[in-house]
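Coordinate analysis (summary)
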Amino acid sequence: MSNTAGQVIRCKAAVAWEAGKPLVIEEVEVAPPQANEVRLKILFTSLCHTDVYFWEAKGQAPLFPRIFGHEASGIVESVGPGVTDLQPGDRVLPVFTGECKECRHCKSEESNMCDLLRINTDRGHMLADGKTRFSINGKPIHHFLGTSTFSEYTVVHVGCVAKINPAAPLDKVCVLSCGISTGLGATLNVAKPKKGQSVAIFGLGAVGLAAAEGARIAGASRIIGVDLNTSRFEEAKKFGVTEFVNPKDHDKPVQQVIAEMTDGGVDRSVECTGSIQAMVSAFECVHDGWGVAVLVGVPSKDDAFKTHPVNLLNERTIKGTFFGNYKPRSDLPSVVEMYMKKELEVEKFITHHVSFSEINKAFELMLKGESLRCLINMES
């Protein structure tokens, strides 16, 4: 065990005290892990749109003060009672969703939606005792997605920790613990395009580009990127996108444009925007008889999906996916191995680097739309 095991650790963390206000680097106290928990030393973290969304507190009940962050890599510092498959020194990825390995979902080969550890954006405490592991002068600081990686040390449920190849560079593979795996898995695990087929990707942010990367790996012959921002096309070429469609450039529905481009529709589509209109277009642009559309984006709570039932009767398929259908503990290590074997490129997703003390700059870059992933070095 580490020489800090069982002790409170004092370290730096970026605390969000109010919605939309700059994070403040504070000294926090991080309590030891309890039953089925692991305390991690975070080495690298990156900023995801989900962090920004909940930091802005748009459309949900705000929960502050809070330590955000959920896309990261680190090393196990100590483990709590009941943890047997991790030990101090292990290289790991903390994940915003989990795998208890005991519930019906975890035991099913068809699901990764763990009953116990499924994503919960409202919970700001640990499951074991309903308390936080972070505090400042005795005042509790809320957790975020069970990970809170904007802290030099954090405590995570063991079911939300994926042990990875110790040789994997943590400053690269940290981006695999959320958005990149979500998009990649949506294509490889759910859409499953065959070699030579055509794929349309709606939304060319980080998740959409990861979906395009999946299509490239699968051997798709045509990868059509759909986005309202034409400036994204040049960047998208690096991820295998071969053609670009901006719906604003046409006076007909984009699904009709794509159908005309592809002799009746694409074989597969992946929607990564959360826009209901994009979801409908993604479904209606796939070819009848065998076309499959996969929805990844999260819509607004009051949105409703509307299409004519004949689109289903004509043997088009629509599917949803969560975290690319990857089970965190069982499957993420193999995604890291894809990178290690040079089958998957992750460096091109990392567009900026900042030190931990400059974390607010990462938020500025994301809000300006200038960053796919901004890597934050926690030791600088």
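Residues numbered from 1 in each chain as written. Predicted model: local features only at pLDDT ≥ 70, side-chain atom pairs only at ≥ 80, totals over all residues. Heavy atoms only, no water.

Observations regarding the overall build of the chain
The secondary structure content of the chain amounts to 11 helices and 17 strands. Residues counted as buried form 54% of the 380 residues belonging to the chain. Taking as baseline every contact in the chain between residues at least 6 positions apart, the subset at least 24 positions apart corresponds to 70%. A total accessible area of about 16200 Å² is found for the chain, and carbon and sulfur atoms account for 50% of it. (Helix = DSSP H or I, 4+ residues; strand = E, 2+ residues; numbered from the N terminus. Buried < 20%, exposed > 50% of the residue type's maximum accessible area, 1.4 Å probe, protein only. Contact = heavy atoms within 4.5 Å. Areas by Shrake-Rupley, 256 points an atom, 1.4 Å probe, with all protein chains shown as cover.)

So, the UniProt feature "domain: Alcohol dehydrogenase-like C-terminal" (unreviewed entry) in the chain
Following the UniProt record, one finds the feature "domain: Alcohol dehydrogenase-like C-terminal" (unreviewed entry) at residues 206-338. Helix and strand shares over residues 206-338 are 37% and 15% respectively, and the end C-alpha atoms of the span are 18 Å apart. (UniProt positions renumbered as here; feature names shortened; annotations may be inferred.)

A look at the nonpolar core
Counting 109 residues, the largest nonpolar core has Phe150, Val173 and Leu176 as the members making the most contacts within it. In terms of residue count, helix α5 (residues 206-218) provides more of this core than any other element does, 6 residues in total. For this core, the domains that each give at least three residues are domain 1 (9-175 + 346-377) and domain 2 (180-322). Judged by nonpolar contacts, the second largest core, of 15 residues, contains Phe202, Val226, Ile258 and Val266. (Core = buried A, V, L, I, M, F, W, Y, C linked by side-chain atoms within 4.5 Å. Domains from an automatic or database assignment.)

Remarks on the environment of Val346
Residue placement: Val346 occurs in the loop between α10 (328-340) and β16 (350-355). Note on Val346: relative accessible area 0%, which makes it buried. On a C-alpha basis, the gap between Val346 and Val336 in space is 9.9 Å, while along the polypeptide they are 10 residues apart. The contact partners of Val346, leaving out residues within four places of it in the chain, are Lys172, Val175, Leu176 and Tyr339.

Topic: the sheet that holds strand β15 (residues 317-320)
Read from one edge of the open sheet, 6 strands run β12-β11-β10-β13-β14-β15, paired in parallel fashion. Each having just a single partner strand, β12 (243-245) and β15 make up the two edges of the open sheet. This sheet shows a mean twist of 20° between the axes of neighbouring strands, independent of strand direction. Here 4 bridges tie strand β13 (residues 268-271) to strand β14 (residues 292-295), and the two strands are oriented parallel to one another. Counterpart to Arg268 in the pairing with β14 is Val292. In this fold helix α8 (residues 276-284) packs onto β10 (198-202), β13, β14 and β15, with an angle of close to 170° to the strand it touches most, β13. (Pairing = 2+ DSSP bridges. Axes fitted to C-alpha atoms, helices over the stretch in contact; angles between N-to-C directions.)

Here we look at the packing of helix α4 (residues 179-191) against α5
Remark: α4 packs on α5, axes separated minimally by 7 Å, with the N-to-C direction vectors making an angle of 40°. Between α4 and α5, the crossing angle belongs to the class labelled oblique. Crossing geometry of α4 relative to α5 is assigned as right-handed. Residues Gly179, Ile180, Thr182, Gly183, Leu184, Thr187 and Leu188 of α4 pack against Ala206, Val207, Ala210, Ala211, Glu213, Gly214, Ala215, Ile217 and Ala218 of α5. (Parallel < 35°, antiparallel > 145°, perpendicular 65-115°, else oblique. Left-handed = near helix turned anticlockwise from the far one by under 90°.)

Some words on the domain arrangement of the chain
You can read the domains of the chain as domain 1 (9-175 + 346-377) and domain 2 (180-322). Distance between the C-alpha centres of domain 1 and domain 2: 30 Å. With 10 residues of domain 1 at the contact, the number on the domain 2 side is 11 residues. Taken over both partners, the interface formed by domain 1 and domain 2 buries close to 1100 Å², and the fraction arising from carbon and sulfur atoms is 71%. Among the residues domain 1 hides against domain 2, the three largest losses belong to Lys348, Phe349 and Leu372. Together they make up 55% of the total. (Buried area = accessible area lost by both parts, 1.4 Å probe.)

Brief notes about the environment of Met126
Structurally, the position occupied by Met126 is in the loop between α2 (104-107) and β6 (134-136). Sequence separation of Met126 and Phe239 is 113 residues, and the distance between their C-alpha atoms is 38 Å.

Quick look at the sheet that holds strand β1 (residues 9-15)
Sheet strands associate in pairs through backbone hydrogen bonding, adopting either a parallel or an antiparallel arrangement. Across the sheet, which stays open at both edges, the 4 strands sit in the order β1-β2-β6-β7 with antiparallel pairing between neighbours. If you trace the sheet from one side to the other, it starts and ends with β1 and β7 (139-141), each paired once. Along the sheet, successive strands turn relative to each other by an average axial angle of 50°, direction set aside. In the sheet, β1 pairs with strand β2 (residues 24-30) via 7 bridges, with the strands oriented antiparallel.

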